[in-house]
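# Notes for the structure review
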Amino acid sequence: MQNDDRQIVDLYLPRKCSATNRLIPAKEHAAVTLNVAKVDETGTYTGEFFTYHLAGFIRQRGESDACLNRLLHNEGLLTFSK
């Protein structure tokens, strides 16, 4: 819901899993939110970051590492070359 100034004023904004696009319920305690920092070539934090939400469903299946690798590769933060 938005007010007259077009600001979001909802009390609860549901999260969505970055890997599966499933909604993460408010009472799910197994879900995690990760902020991955963007760094320059010297390894210094640039002030930018990417936020990822992983549902407990993915974590229980043991696929969170593979899903996070895929998401980071899509952003260009991770390469698989030797």
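Owing to the predicted nature of the structure, the values given are computational and were not obtained by experimental measurement.

This part covers the overall build of the protein. Looking only at helices and strands, the protein features 2 helices and 4 strands. When the elements of the protein are put in sequence order from the N terminus, they spell out β-β-β-β-α-α. For 82 residues, the compact-globule formula gives about 12 Å, and the C-alpha radius of gyration of the protein, at 16 Å, lies well above that figure. On the principal axes, the C-alpha backbone points of the protein span a range of 50 × 35 × 20 Å. Residues counted as buried form 18% of the 82 residues belonging to the protein. Sequence separation of at least 24 residues holds for 35% of the intrachain contacts in the protein that already meet a minimum separation of 6. Element-wise, carbon and sulfur atoms account for 50% of the exposed surface of the protein, whose accessible area totals about 6,500 Å². Averaging the positions of the 10 positive and the 10 negative side-chain charges in the protein gives two centres separated by 10 Å.

What follows concerns the packing of aromatic side chains. As enumerated under the stated definition, the model contains 0 aromatic pairs in all. Directly above the ring of F57 sits R22, whose terminal nitrogen or CZ lies 4.0 Å from the centroid.

With that settled, the discussion passes to unusual backbone geometry. Phi at R6 is positive, roughly 65°, even though this residue is not glycine. Within the secondary structure, R6 is located in the segment before β1 (15-16). On the basis of relative accessibility, which here comes to 68%, the residue R6 falls in the exposed class. The backbone of N21 shows a phi angle near 60°, a positive value even though the residue is not glycine. Mapped onto the elements of the fold, N21 is located in the loop between β1 and β2 (23-24). According to the relative accessible area criterion, N21 is exposed, its value standing at 52%.

Here the focus is the nonpolar core. Nonpolar side chains in soluble globular proteins tend to end up buried together. The biggest cluster of nonpolar side chains holds 8 residues, and these are C17, A19, I24, A31, L54, A55, I58 and C67. Dropping the residues within four chain positions of it, C67 is found in contact with A19 and I58. F50, L68, L71 and L72 belong to the second-largest nonpolar core, a separate cluster that totals 5 residues.

About the cut-offs
Residues numbered from 1 in each chain as written. Predicted model: local features only at pLDDT ≥ 70, side-chain atom pairs only at ≥ 80, totals over all residues. Heavy atoms only, no water. Helix = DSSP H or I, 4+ residues; strand = E, 2+ residues; numbered from the N terminus. Rg over C-alpha atoms; globule rule 2.2 N^0.38 Å. Buried < 20%, exposed > 50% of the residue type's maximum accessible area, 1.4 Å probe, protein only. Contact = heavy atoms within 4.5 Å. Areas by Shrake-Rupley, 256 points an atom, 1.4 Å probe, with all protein chains shown as cover. Lys, Arg positive; Asp, Glu negative; His and termini not counted. Charge placed at Lys NZ, Arg CZ, Asp CG, Glu CD. Phe/Tyr/Trp six-rings, centres within 6.5 Å; stacked < 30°, edge-to-face > 60°. Lys NZ or Arg CZ within 6 Å of the ring centre and 35° of its normal. Core = buried A, V, L, I, M, F, W, Y, C linked by side-chain atoms within 4.5 Å.

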